[in-house]
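Examining the three-dimensional arrangement
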Amino acid sequence: MTTEIISPHLRPESKHLRDLESESLHIIREVVAEFDRPGLLFSGGKDSAVLLHLALKAVRPAHLPFPIVHIDTGHNFPELLAFRDRTVGRLGLDLVVGSVDDAIASGRILAPAGADISRNRLQTPVLLETILKGRYTAVFGGARRDEERARAKERVYSLRDEFGQWDPRNQRPEVWNLYNGCINPGQHMRVFPISNWTELDVWRYIAEEQIELPEIYYAHERQVFERDGMLMALSSLMQPGHGETVGTRTVRYRTVGDMTSTAAVASEARTPEDVITETLAMRISERGETRADDRSTDAAMEDRKREGYF
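Keep in mind the model is a prediction, meaning the values are calculated, not measured.

1. A short note on the pairing of strand β9 (residues 247-252)
- Bridge count for strand β7 (residues 220-227) against β9 is five bridges, and the pairing is antiparallel. In the strand pairing of β9, Glu-221 is matched with Thr-250.
- Bridge analysis of β9 against strand β10 (residues 265-266) gives two bridges, and the strand direction is antiparallel. If you follow Arg-252 over to β10, its bridge partner there is Val-265.

2. Some points on the environment of Thr-124
- Mapping Thr-124 onto the fold places it in helix α5 (residues 120-134).
- Residue Thr-124 is classed as buried on the basis of its relative accessible area of 4%.

3. Some thoughts on the pattern of salt bridges
- Evaluated as defined, the whole model comprises 18 salt bridges.
- Two residues, Lys-46 and Asp-47, come together in a salt bridge whose shortest N-O distance is 3.6 Å. Neither Lys-46 nor Asp-47 differs from the other in exposure class; each is buried.
- The salt bridge involving Arg-84 is made with Asp-85; its shortest N-O contact spans 2.9 Å.
- A relative accessible area of 41% places Asp-85 in the partly exposed class.
- Taken together, the shared-partner salt bridges connect Arg-18, Glu-21, Lys-57, Glu-208 and Glu-209 into one network.

4. Describing the environment of His-188
- Take His-188: it is sitting in strand β6 (residues 188-191).
- Residue classification places His-188 among the buried residues on the basis of a relative accessible area of 4%.
- C-alpha separation for the pair His-188 and Phe-163, spaced 25 residues apart in sequence, amounts to 9.6 Å.
- Contact partners of His-188, with chain neighbours within four places excluded, come to Ile-131, Tyr-136, Thr-137, Ser-158, Leu-159, Arg-160, Gly-164 and Ile-183.

Cut-offs used in this document
- Residues numbered from 1 in each chain as written.
- Predicted model: local features only at pLDDT ≥ 70, side-chain atom pairs only at ≥ 80, totals over all residues.
- Heavy atoms only, no water.
- Pairing = 2+ DSSP bridges.
- Helix = DSSP H or I, 4+ residues; strand = E, 2+ residues; numbered from the N terminus.
- Buried < 20%, exposed > 50% of the residue type's maximum accessible area, 1.4 Å probe, protein only.
- Salt bridge = Lys/Arg side-chain N within 4 Å of Asp/Glu carboxyl O.
- Contact = heavy atoms within 4.5 Å.

Next up, the structure:
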């Protein structure tokens, strides 16, 4: 493993970021060395943008030796799809798309019924199908331990069984940052190089490295309405119900997922530095504040992870 050189003149937060970066680069290089068919899950969100930036650094000057994988729910924010395609074109990346719409149209999965039209749960079978079809032995994800209690329980190398499921009691020790990449036929590994980062670390790194993000991560005007204490964007998928009033607000997104279950927050932050200032005052994680699917039960995320979700 190469040693990253740290300047003695770096600010304390920059030294902290370089330490995190060095750990992440080490993890990515370990995976490239150990696994024959890795892939990188890329949603177009801030964490996956940082993860892709780190992966490119880890293999530089070589071309990225694995594809980026997007599980397309069909309920994406248009800004994210535009950012994804722009990034793929700019960097000449190999993009693999697993489509929930295609899976529904072919009858492989059923569309959700009733009032809840979120497709977050439908991502899981499509993700597992995409991993199986691509024969990926390791898949990078941008999950962080500070996001949610179930993710706090997960190791950097997270073993998934032959059915793509996660057993929190079957996690391997990672003493002294030593990672066990042994898998049996049919199994694969989920790998989380930024597990130890926080939301604040991510934004400080974005600012320092000048990483491009979709514009919805910064303050902009959008038509929204309030539902269950959250600001939901008006769209063809999301319409106000009885007593819900649409208004134009200046908002941004802390995290981005299915349009039907991801809320905006009121904000005037138009630069990474502005977002850092706001984040310092936050007391609730981005998923806890803005993801309706994580509020359904106390164990909502863990239940989905056991089924095969990231």
